[in-house]
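# Per-entry structural report
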Amino acid sequence: MSDNRQMAVARRSPDQVMRLARLGSMHQCRLSFMRVLMRRMASDGWQFSRKEFAVGPDGVGHAVYVAQGPERAYSLVAFAHDLPDEMRSDRVIATAWDATFALYDGIPSAEDIARLSKNVPYQEAGRISERELSLSRANRSVRLWQHVVSALAKGEQPDRAQIDAVGYLMRTTAVYGSGKFGAADYSVIADRPEMGVPFQAEMLSVYLTRAFVRDLVNHMARTQGGAAAVELAPDIAGSLGIGNSTGLGLGPFIINHPVLFNNWIAAREEAIARVRALGSASADAQAVFKDLVARSELSIARWRSEHPVQQAKIADLRQDMALLKVQLAEFDLNSAAPWDALLTWSEEALSLEGRELLASLVLEPYGALVDDLAPSMADRDPDGFRIDGSMPVGELRALLEASYGWALPLDWSAPEQRARAWYVSAEKLEPRLGERFEEPIEPYETPLAPARDAATAYGDLEDWPNDEPIAAFLMRHPEHRYTVRRSQISARAPYSEIRDNTISAELFPVDLLRVKLAFFGATHFDPRSDRWLRITMFGNAPYPEALSPDNADLWVYPEAQP
Amino acid sequence: MKNAVMNNAVMSYALIEVEAMAKKAARGAGQSWGMAEEAAKAASWLCAQNLDGVAALACALGSDAGQGDALAAAVAISDTAGAWPPEGMRLEVAFVPALLLPFAAYAARQVAQPVTLSWQGGSAVTDGHRLCLEDLQPQDLLHSLGQVAIRIGGTLGEPQEHRTRAEPDAADWQQLADLAQRTYAPASEESRLKGAGAGLNDND
């Protein structure tokens, strides 16, 4: 591709990208973790098998799905339960689920399964071990599950409109990995090539969960309908993903992992910059892009939300797609630097949803140019956390101005600027967001307002001479250690800080969740309040037995029904 | 909580669990969040070196006298690395010597040379990644060893075994858990409904 480069195009600036409204409008792209996993498993020729399916006619039992890679195997151990309707809740306060799961590092023995059966069904109240890489659970979509089971039991296929309206048979809620509840630390697997990109174990667990759920619904239909029952048609099964309900717990993650979050954003921004830098677009690239624009329209048509904020955004996005089609009819993709021109146009013409969708779409024809960025999304810097105490105060001050310049002039004593406080509940040890001036939560506030803290530190630095080492300031002001660390990180990681107020009265917390879920590869974001939402994962993906290099890449974009 | 299954066995924790617990415990003991992060990384680093980081932090946070000093003195070692006088640094008293080791390791990485800590009758050398104890038992490192000298240089002997899990003493873990508890807001119905954002039906 080197002959096709024009002059370098700079990455978009953090001031442009790191606003919550934009982060909260991001879409999956080639670098999303699900996409990376699927491509790798296909290109490395992973083999999948259902090693056990010991589920009784009552729907209770366990199953084991093995994913065998070139060097190692990973197994989903699934437990199916008989859950009374009144106990079903996606909230973290739930204590029982329709199905529970662990991803085992290798192939589990009968003893392993016996051990897991005494722990995995209890989720947070159980313990797993270093042999496990994730712990998760799922609940049925009550709307769809019963319809599908009864239809199949009668020998009929379920109603397509109902399938499209929900999009999944089960919803996962928390998918815990990286050492949670006793699982292996990420550092134990980080050096494996197949685990080098973030959240690959968790994504694999969800992917195998989807296969289990399809098998379970067929099993339940057979149990109910006997010989009359039919299996779920492959095209319908294929369109179904796995749902996920995500609450506030995910929000703090991107603030608490500034280097990691930077690496995700930086990889995507670098990918966008590389494509913008292309001097021309080949006929093939144009065809791929136009095909995916059409397929995105189909996906957007199936995107439903009851939340007024998201409804308005989806309406804007549909309008954006219409504008994009007009633009593509008029604009010549054979002109010079067409992708740069198209994205420049979008910044004026489209809503944030549309701009970010387009930014993801232009990457699609260019896997050879951008896919090598995926491993850079991990955080491999063991010293990223260290404070350089020798940094002169003047330099630190400049870093504060660069990252938090927007926040320094705000009146942080004004109630509306700090209306909210993040805290952890004693009840379920989950992050929550409260009203600082209405609830007794301030003593428990967790540090999720870096901008406010930076403004305070900046004030306290005022009288310190520029050439004093920051270590001296920290001896006097240990309370600013948090801010000094983040500021030094921002020098190496320009996209590490959100450039908006995360405790403002105006905060829409779902924005924090959405950007992380977009990097996972989720679609069909459906906020259910301002602080939890549902999504779909692996919708339209090939099932394990059908995964091949031909279908491992662009599955996320649905194709029109024949 | 249903932890019955493993009640009688020694609990094995992921290092990230040690880190998370240590951070909340240090915060619960009154440290700033930034210092609590240091305490957390230090406890986890010690466990990775097959030393009892949970006990070390429990000792540091448990003694009213010198608690803040123990952590502040340790943090200062890495904050000032590169600016030490040629003869090195000297601390008049190290309340919990184990806590100094992770910060000496950070200093070693920063100056790209080994760092040696010496007490009466024993020493520890680290190159930033590995740690070697000379004439010291791990248990010695939990209690004051008096004056300690810290200097750049030294030769690494047989390093500590590297671990990916921690099996802390249950009483030490509980001490950290009790401190961590202070950071949690008490449950209330208001919080349950508003704070976690229940909205539309989640069982459909």
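Residues numbered from 1 in each chain as written. Chains lettered and ligands numbered in written order. Predicted model: local features only at pLDDT ≥ 70, side-chain atom pairs only at ≥ 80, totals over all residues. Heavy atoms only, no water.

### Examining the overall build of chain A
When you go through chain A residue by residue, the secondary structure sums to 21 helices and 11 strands. Whereas a compact globule of 562 residues would reach a radius of gyration of roughly 24 Å, chain A reaches 24 Å, a difference of no more than 12%. With the C-alpha coordinates of chain A rotated into their principal frame, the extents come out at 85 × 60 × 45 Å. Counting all 562 residues of chain A, 64% fall into the buried class. Contacts spanning at least 24 positions in sequence make up 75% of the contacts within chain A whose residues lie at least 6 apart. Accessible surface, chain A: about 20100 Å² in total, of which carbon and sulfur atoms supply 52%. Once the 60 positive and 77 negative side-chain charges of chain A are each reduced to a mean point, those two points are 3 Å apart. (Helix = DSSP H or I, 4+ residues; strand = E, 2+ residues; numbered from the N terminus. Rg over C-alpha atoms; globule rule 2.2 N^0.38 Å. Buried < 20%, exposed > 50% of the residue type's maximum accessible area, 1.4 Å probe, protein only. Contact = heavy atoms within 4.5 Å. Areas by Shrake-Rupley, 256 points an atom, 1.4 Å probe, with all protein chains shown as cover. Lys, Arg positive; Asp, Glu negative; His and termini not counted. Charge placed at Lys NZ, Arg CZ, Asp CG, Glu CD.)

### Quick notes on the overall build of chain B
Counting its regular elements, chain B contains seven helices and eight strands. Sorting the 204 residues of chain B into buried and exposed places 52% on the buried side. In chain B, the share of contacts with a sequence separation of at least 24, taken over all contacts with a separation of at least 6, comes to 73%. Just so you have it, chain B exposes about 8700 Å², and 50% of that area is on carbon and sulfur atoms.

### Examining the pattern of salt bridges
Residue and element names in this part refer to chain A. If you walk through the whole model with that rule in mind, you get 64 salt bridges over all chains. Residue Glu545 is joined to Arg214 by a salt bridge in which the shortest nitrogen-to-oxygen separation is 2.7 Å. Of this pair, Glu545 sits in the segment after β11 (533-537) while Arg214 sits in helix α8 (residues 200-225), and the two are 331 residues apart along the sequence. You can call Glu545 exposed: its relative accessible area is 57%. For Arg528, the salt bridge identified is with Glu306, shortest N-O distance 3.4 Å. Of this pair, Arg528 sits in the loop between β10 (523-527) and β11 while Glu306 sits in the loop between α12 (283-301) and α13 (308-330), placing them 222 residues apart in sequence. (Salt bridge = Lys/Arg side-chain N within 4 Å of Asp/Glu carboxyl O.)

### Regarding the interface of chain B and chain A
The interface is formed by 51 residues belonging to chain B together with 68 residues belonging to chain A. For the pair chain B and chain A, the two sides together bury roughly 4900 Å², of which 50% comes from carbon and sulfur. Our enumeration of links across chain B and chain A arrives at 10 salt bridges. Inspection of the chain B/chain A interface yields 23 residue pairs in polar contact (both at pLDDT 80 or more). (Buried area = accessible area lost by both parts, 1.4 Å probe. Polar contact = N/O pair within 3.5 Å; in protein donor to acceptor, adjacent residues only side chain to side chain.)

### Some remarks on the confidence of the model for chain B
For chain B, per-residue confidence averages 89 on the pLDDT scale, and residues scoring 70 or more make up 88% of the total. Predicted confidence is poor over residues 1-7 of chain B, with pLDDT under 50, and the contacts of this stretch with residues over four places away or in other chains come to 11 contacts. (pLDDT = per-residue confidence, 0-100.)

### What about the pairing of strand β3 (residues 73-80) of chain A?
All names here are of chain A. Counting buried residues along β3, eight of its eight residues qualify, which places the element largely inside the surrounding structure. Across the two faces of β3 the burial is the same, with Ala73, Ser75, Val77 and Phe79 and Tyr74, Leu76, Ala78 and Ala80 all buried. Where strand β2 (residues 61-68) folds back onto β3 in an antiparallel hairpin, the turn is made up of four residues. Strand direction decides the pairing type here: β3 and strand β4 (residues 99-105), joined by seven bridges, are antiparallel. (Pairing = 2+ DSSP bridges.)

### Thoughts on the packing of aromatic side chains
All names here are of chain A. In total, this model carries 23 aromatic pairs over all chains according to the counting rule given. Residues Phe538 and Trp555 carry aromatic rings whose centres are separated by 5.8 Å and whose planes lie at 20° to one another, so their mutual orientation is stacked. Placement of the pair is Phe538 in the segment after β11 and Trp555 in the segment after β11, with a sequence separation of 17 residues. Residue Trp555 is classed as buried on the basis of its relative accessible area, which comes to 6%. Members of the aromatic cluster, each reached through a chain of ring pairs, are Phe33, Phe199, Phe253, Phe261, Trp264, Phe519 and Phe520. Against the face of Phe385 rests Arg485, its NZ or CZ located 3.8 Å from the ring centre. The ring of Phe253 carries the charged tip of Lys516 above its face, separated from the ring centre by 3.7 Å. (Phe/Tyr/Trp six-rings, centres within 6.5 Å; stacked < 30°, edge-to-face > 60°. Lys NZ or Arg CZ within 6 Å of the ring centre and 35° of its normal.)

### Quick notes on the environment of Ile163 of chain A
With respect to the helices, strands and loops of the structure, Ile163 of chain A is situated in helix α6 (residues 160-166). In the structure, Ile163 of chain A is positioned 101 residues away from His62 of chain A in sequence and 26 Å away in space, judged by C-alpha atoms.

### Some remarks on the sheet that holds strand β8 (residues 184-185) of chain B
Across a sheet, paired strands are connected by hydrogen bonds in the backbone, their directions being either parallel or antiparallel. The mixed open sheet is built from three strands, whose spatial order is β9(A)-β8(A)-β8(B). The outermost strands of the open sheet, each flanked by one partner alone, are β9 (431-435) of chain A together with β8 of chain B.

### Considerations on the sheet that holds β3 of chain A
All names here are of chain A. With respect to topology, nine strands assemble into an open sheet ordered β1-β2-β3-β4-β5-β6-β7-β11-β10, the strand pairing being mixed. Strand pairing shows two members of the sheet lacking a second neighbour, β1 (47-55) and β10, which therefore form its edges. Shown here is a sheet whose adjacent strand axes are inclined to one another by a mean of 25°, direction ignored. As paired elements, strand β5 (residues 132-140) and strand β6 (residues 168-177) share six bridges and run antiparallel to each other. For Leu135, the partnering residue across the bridge sits in β6 and is Tyr176. (Axes fitted to C-alpha atoms, helices over the stretch in contact; angles between N-to-C directions.)

### A closer look at empty space enclosed by the protein
Residue and element names in this part refer to chain A. Per the counting criterion, the structure on display carries six cavities of 30 Å³ or more. The computed volume of the largest cavity comes to approximately 180 Å³. Every residue lining the largest cavity is counted, 15 residues in all, and those nearest its centre are His27, Gln28, Ser299, Leu357 and Thr523. Residue classes in the lining of the largest cavity are distributed as nine nonpolar, six polar and no charged. Taken together, Ile254, Ile255, Phe261, Pro450, Ala451, Arg486, Ser496, Glu497, Ile498, Asp500 and Thr502 make up the full set of residues lining the second largest cavity. Those elements that place two or more of their residues in the lining of the second largest cavity are α10 (251-256) and α18 (450-460). Looking at the lining of the second largest cavity residue by residue, the class counts come to six nonpolar, two polar and three charged. (1 Å grid on protein atoms, 1.4 Å probe; cavity = no way out; pocket = protein on both sides within 12 Å on 5 of 7 lines; lining within 4 Å. Points joined across faces, edges and corners; volume = space filled by probe spheres on them. Nonpolar A, V, L, I, M, F, W, Y, C, P; charged D, E, K, R; others polar.)

### Some words on unusual backbone geometry
Excluding glycine, residues mostly have negative phi values, and the peptide bonds linking residues are mostly trans. In this structure, Ala337 of chain A takes a positive phi of about 45° despite not being glycine. Mapped onto the elements of the fold, Ala337 of chain A is located in the loop between α13 and α14 (338-349). Here the phi dihedral of Asp135 of chain B falls at roughly 55°; this positive angle occurs in a residue that is not glycine. The residue Asp135 of chain B is located in the loop between β5 (131-134) and β6 (148-152) in this model.

### Describing the nonpolar core
By size, the foremost hydrophobic cluster in this structure holds 158 residues, and its most contacted members are Phe212, Ile265, Phe289, Trp339 and Phe538 of chain A. Examining the composition of this core, we find that 13 residues originate from one element, α8 of chain A, more than from any other. (Core = buried A, V, L, I, M, F, W, Y, C linked by side-chain atoms within 4.5 Å.)

### With respect to the environment of Leu83 of chain A
All names here are of chain A. Structurally, the position occupied by Leu83 is in the loop between β3 and β4. Sequence spacing of Leu83 and Trp97 is 14 residues, and the spatial spacing of their C-alpha atoms is 6.3 Å. The residues contacting Leu83, other than those within four sequence positions of it, are Arg88, Ala96, Trp97, Asp98 and Asn139.

### Concerning the packing of α18 of chain A against helix α20 (residues 481-492) of chain A
Residues and elements named next belong to chain A. Here α18 crosses α20 at 105°, and the two axes come no closer than 9 Å. One way to sum up the angle between α18 and α20 is to call them roughly perpendicular. Contacts between α18 and α20 involve Pro450, Asp453, Ala454 and Ala457 from the first element and Tyr482, Thr483 and Arg486 from the second. Residues belonging to the contact of α18 with α20 are distributed by class as follows: four nonpolar, one polar and two charged. (Parallel < 35°, antiparallel > 145°, perpendicular 65-115°, else oblique.)

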